[in-house]
Amino acid sequence: MYLINCTVSGGITGYRQSLLKENGKIVRFDSYEAAQNEADRLNTEMNANSNFMGASFSYSPITE
């Protein structure tokens with residue numbers, strides 16, 4: 001199984017790191033490719049939006 005590690009830095013939150021969750025539960029992927037595709041989508045979507053007051057987001061797949 002694969003997970004996505006989420007990191008945010010800057011903005012008003014400072015530096016934080018967590019696993020990707022949905023409705024409070026850790027999101028798991030059956031393949032590295034699926035996790036990488038979602039991480040790529042999130043990196044593009046979250047960093048393209050300038051409404052986060054200077055925060056930078058990083059998503060990367062990791063093994064469980």
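Quantities reported herein were computed from a predicted structural model and do not represent experimental measurements.

**Quick look at the side chain of Asn5**
Line of reasoning, step 1. With respect to the element layout, Asn5 can be found in strand E1 (residues 2-9).
Line of reasoning, step 2. Side chain to side chain, Asn5 and Gln17 meet in a polar contact 3.4 Å long.
Line of reasoning, step 3. The residues contacting Asn5, other than those within four sequence positions of it, are Gln17, Ser18, Leu19, Ser58, Tyr59, Ser60 and Ile62.

**Quick word on the packing of aromatic side chains**
Line of reasoning, step 1. A full pass over the atoms with the stated rule returns 1 aromatic pair.
Line of reasoning, step 2. Both rings, one in Tyr2 and one in Tyr32, keep their centres 5.8 Å apart while their planes meet at 80°; by these two values the pair is edge-to-face. Of this pair, Tyr2 sits in strand E1 while Tyr32 sits in helix H1 (residues 32-48), placing them 30 residues apart in sequence.
Line of reasoning, step 3. Take Tyr2: its relative accessible area is 23%, and that puts it in the partly exposed class.

**Focus: the pairing of strand E2 (residues 16-19)**
Line of reasoning, step 1. Across 4 bridges, the pairing between E1 and E2 is antiparallel. Paired with Val8 across the two strands is Arg16, which belongs to E2.
Line of reasoning, step 2. Connecting E1 to the next strand, E2, in antiparallel fashion are 6 residues, including Gly10 with a positive phi near 85°.

**Digging into the sheet that holds strand E5 (residues 56-63)**
Line of reasoning, step 1. Sheet architecture is open: 3 strands sit in the order E2-E1-E5, paired in antiparallel fashion. A single partner strand is all that each edge strand has here, and the edge strands are E2 and E5. With strand direction ignored, the average angle separating the axes of adjacent strands in the sheet is 20°.
Line of reasoning, step 2. Contacting E1 and E5, H1 crosses the sheet at an angle of about 175° to E5.

**A few points about the environment of Tyr32**
Line of reasoning, step 1. Judged by relative accessible area, which is 38%, Tyr32 ranks as partly exposed.
Line of reasoning, step 2. When the C-alpha positions of Tyr32 and Arg16 are compared, they lie 24 Å apart, and in sequence the two are 16 residues distant.
Line of reasoning, step 3. Once residues within four sequence positions are removed from consideration, Tyr32 is found in contact with Tyr2 and Pro61.

Procedures and definitions
- Residues numbered from 1 in each chain as written.
- Predicted model: local features only at pLDDT ≥ 70, side-chain atom pairs only at ≥ 80, totals over all residues.
- Heavy atoms only, no water.
- Helix = DSSP H or I, 4+ residues; strand = E, 2+ residues; numbered from the N terminus.
- Polar contact = N/O pair within 3.5 Å; in protein donor to acceptor, adjacent residues only side chain to side chain.
- Contact = heavy atoms within 4.5 Å.
- Phe/Tyr/Trp six-rings, centres within 6.5 Å; stacked < 30°, edge-to-face > 60°.
- Buried < 20%, exposed > 50% of the residue type's maximum accessible area, 1.4 Å probe, protein only.
- Pairing = 2+ DSSP bridges.
- Axes fitted to C-alpha atoms, helices over the stretch in contact; angles between N-to-C directions.

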